[in-house]
Amino acid sequence: MTNPHQPNLANSAFDAHHPPSDQIIDTCVHCGFCLPVCPTYVLWNEEMDSPRGRIYLMKLAGEGAATLNPQWVSHMDSCLGCMACMTACPSGVDYGKLIEATRAQIERKDTRSWSEKLFRRFLFATFTRPDRLRLLRWPLLAYQRSGLQALIRSSGVLKLMPTKMQALEMLLPKLGANEKVAEVTPAQGIQHRRVGLLLGCVQREFFPQVNAATARVLAAEGFEVIAPQEQSCCGALLAHGGEEAEAMEFARKTIDAFERAGVDTIVTNAAGCGSNVKEYGHLLRDDPQYAERAKQFPAKCKDVTEVLAQHEPRAKRHPLNLRVAFHDSCHLQHAQGVRQQPRQLLSQIPGLQLEEIAEGPICCGSAGIYNLVQPDAANELGDRKAKLIAPLRADVVATGNPGCLLQLQSSLKRNGSSTPVVHTIQLLDASIRGAQLESIW
Ligand code: SF4
Ligand code: SF4
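Scoring rules and cut-offs
- Residues numbered from 1 in each chain as written.
- Chains lettered and ligands numbered in written order.
- Predicted model: local features only at pLDDT ≥ 70, side-chain atom pairs only at ≥ 80, totals over all residues.
- Heavy atoms only, no water.
- Helix = DSSP H or I, 4+ residues; strand = E, 2+ residues; numbered from the N terminus.
- Near = heavy atom within 4 Å.
- Nonpolar A, V, L, I, M, F, W, Y, C, P; charged D, E, K, R; others polar.
- Expected span 1.5 Å × (residues − 1).
- Buried < 20%, exposed > 50% of the residue type's maximum accessible area, 1.4 Å probe, protein only.
- Axes fitted to C-alpha atoms, helices over the stretch in contact; angles between N-to-C directions.
- Parallel < 35°, antiparallel > 145°, perpendicular 65-115°, else oblique.
- Left-handed = near helix turned anticlockwise from the far one by under 90°.
- Contact = heavy atoms within 4.5 Å.
- 1 Å grid on protein atoms, 1.4 Å probe; cavity = no way out; pocket = protein on both sides within 12 Å on 5 of 7 lines; lining within 4 Å.
- Points joined across faces, edges and corners; volume = space filled by probe spheres on them.
- Sits in = over half its atoms within 2 Å of the grid points.
- Salt bridge = Lys/Arg side-chain N within 4 Å of Asp/Glu carboxyl O.

## Looking at the environment of leucine 136
Moving on, step 1. With respect to the helices and strands, leucine 136 occurs in helix H8 (residues 130–145).
Moving on, step 2. The sequence separation of leucine 136 and threonine 185 amounts to 49 residues, and the corresponding C-alpha distance is 27 Å.

Right, here's the structure in full:
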């Protein structure tokens with residue numbers, strides 16, 4: 001019997017392996033409530049670059065009325081996967097599943113030019129491998145500390161390079177000391193709970209201070225922190241980029257690593273990774289060995305702010321006399337529904353004044369590898385965010401994702417601002433330790 005919810009594959013432009021679900025597509029009633037929060041629609045005012053337009057394009061392709069030609073693909077590529085449309089949608093359209101299925105179809109159809117494929121391969125092969133990122137630390141440190149980076153940036157040479165290379169250079173993180181998180185960080189005082197810590201790839205190698213701060217804060221609040229050293233990439237960039245098979249492989253390894261660690265809570269501090277591990281049940285649904293375990297896994301995963309906000313503060317907070325502009329990462333606010341917890345934790349710091357950035361639901365342009373593969377749109381969104389931050393006269397911007405941190409740092413700088421950007425947990429850590437603020441930026 002024909003399933004009315006699946007496309008007629010005889011005509012469909014999609015292959016038979018999990019095409020975007022007709023059932024989800026048909027949930028869209030074309031009301032347009034999602035349009036004002038969609039960053040690409042806000043920028044270009046083009047229906048086909050809105051959630052509603054993209055869903056319609058998916059429908060046409062599923063019915064065989066459109067092919068995955070370069071123009072069709074460009075509308076999907078320009079989507080940031082920010083999920084703002086899901087938060088805004090009154091009909092509950094699960095756009096995240098649609099775009100992820102669509103991206104996997106696009107990658108399998110081999111629609112990209114060789115140079116684009118090479119660039120994407122380079123990004124995936126580098127940013128998902130902490131060992132490779134570690135090798136990049138030394139040349140990057142030499143580049144930054146020798147003054148060569150400052151010289152290149154001020155000389156105008158960058159403008160002669162391809163836009164994607166310019167974006168890569170401008171987004172380079174400023175490297176500091178390589179603080180390691182031990183396999184076991186004991187709880188201070190009476191142990192409250194035992195939790196695992198997902199270290200991430202970019203976070204582990206380029207923002208080790210964020211992981212170190214996370215472990216310190218959790219320990220100060222009475223949590224024993226287990227950080228399995230053999231843990232791999234969680235697969236977030238791959239899953240969000242349509243590289244399904246590799247993403248599944250990393251998901252299996254992550255499940256294995258944390259099952260071996262024997263923890264019932266897994267703490268994430270990178271919003272993109274957090275939203276990905278919460279989707280393992282869907283990603284591994286066809287895997288007979290892992291499907292059941294993957295279904296249980298998301299319930300154990302919590303952003304660090306979720307874990308801490310559920311818990312009565314134990315460690316003393318020292319004052320931080322700062323105006324802090326808080327930026328909601330899309331993968332935290334839209335994909336994980338975590339908005340109030342980071343605000344609650346920051347508000348517990350004496351002297352700290354929290355400022356809201358206008359257009360909060362709209363993405364800063366980071367979105368995984370988006371600011372590297374779609375640099376023009378990403379810069380437009382970054383500039384827009386920087387202009388909204390400027391009037392707040394904040395001493396610091398706080399956010400919950402390494403990608404947003406890099407994007408905001410680069411956008412603020414491009415717009416003439418030297419306001420530092422830090423992870424929320426770094427402010428909490430500084431307050432608990434009574435640390436000098438300059439030491440965290
Ligand atoms: S995920 Fe973001 S960019 Fe993509 S359609 Fe939804 S709101 Fe627009
Ligand atoms: S808000 Fe939801 S139902 Fe309305 S157009 Fe957007 S996706 Fe469709």
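What follows continues from the structure just given.
## Notes on the site of ligand 2
Moving on, step 1. Around ligand 2 lies a shell of 13 residues, among which Cys28, Cys31, Gly32, Cys34 and Cys89 are the nearest.
Moving on, step 2. Looking at the shell around ligand 2, its residues break down into nine nonpolar, three polar and one charged.

## Remarks on helix H3 (residues 51–62)
Moving on, step 1. Helix length check: H3 (twelve residues) gives 16 Å between terminal C-alpha atoms against 16 Å at 1.5 Å per residue, within 8%.
Moving on, step 2. The element H3 is extensively covered by neighbouring structure, given that ten of its twelve residues are classed as buried.
Moving on, step 3. Remark: glycine 64 follows H3 within two positions and exhibits a positive phi of approximately 85 degrees.

## Description of the packing of helix H12 (residues 208–220) against helix H24 (residues 424–433)
Axes are the key here: two packed helices are described by the angle between their axes and the distance separating the axes.
Moving on, step 1. Their axes nearest at 9 Å, the elements H12 and H24 cross at an angle of 50 degrees. Viewed along their axes, H12 and H24 adopt a mutual orientation that is oblique. Once H12 is placed against H24, the crossing between them reads as left-handed. Contacts between H12 and H24 pair Gln209, Val210, Ala213, Thr214, Arg216, Val217 and Ala220 from the former with Ile425, Gln426, Leu428, Asp429, Ile432 and Arg433 from the latter.
Moving on, step 2. Residues that form the contact of H12 with H24 fall into these classes: seven nonpolar, three polar and three charged.

## Brief notes about empty space enclosed by the protein
Moving on, step 1. Taken as a whole and judged by the stated rule, the model has three cavities of 30 Å³ or more.
Moving on, step 2. The computed volume of the largest cavity comes to approximately 130 Å³.
Moving on, step 3. Lining of the largest cavity is provided by 17 residues; of these, Cys28, Cys34, Ile55, Cys89 and Val93 occupy positions nearest its centre.
Moving on, step 4. If you list the elements that add at least two residues to the lining of the largest cavity, you get H3 and helix H5 (84–88).
Moving on, step 5. A total of three residues in the lining of the largest cavity trace back to one element, the largest contributor, which is H3.
Moving on, step 6. There is about 80 Å³ of room inside the second largest cavity.
Moving on, step 7. Forming the walls of the second largest cavity are Cys38, Pro39, Thr40, Pro51, Arg54, Cys79, Leu80, Gly81, Cys82, Cys85 and Tyr95.
Moving on, step 8. Elements with a minimum of two residues in the lining of the second largest cavity: helix H2 (39–44) and H3.

## Considerations on the site of ligand 1
Moving on, step 1. As a structural note, the neighbourhood of ligand 1 is formed by Cys38, Pro39, Pro51, Arg54, Cys79, Leu80, Gly81, Cys82, Met83, Cys85 and Tyr95.
Moving on, step 2. Most atoms of ligand 1, that is more than half of them, are within 2 Å of grid points of the second largest cavity.

## A few points about the pattern of salt bridges
Moving on, step 1. Tallied over the entire structure, the rule returns 35 salt bridges.
Moving on, step 2. Across the salt bridge formed by glutamate 243 and arginine 121, the nearest N and O atoms sit 3.8 Å from each other. Here arginine 121 lies in helix H7 (residues 114–127) and glutamate 243 lies in the loop between helix H13 (236–240) and helix H14 (244–261), a separation of 122 residues in the sequence.
Moving on, step 3. Residue arginine 121 is classed as partly exposed on the basis of its relative accessible area, which comes to 35%.
Moving on, step 4. The partner of aspartate 429 in a salt bridge is arginine 433, with the nearest N and O atoms 3.2 Å apart. Highlighted residues: aspartate 429 and arginine 433, both in helix H24, separated by four residues, approximately one helical turn.
Moving on, step 5. Given the relative accessible area of 43%, arginine 433 is considered partly exposed.
Moving on, step 6. Linked through salt bridges whose partners overlap, the residues forming this network are Asp77, Glu107, Arg112, Glu116 and Arg120.

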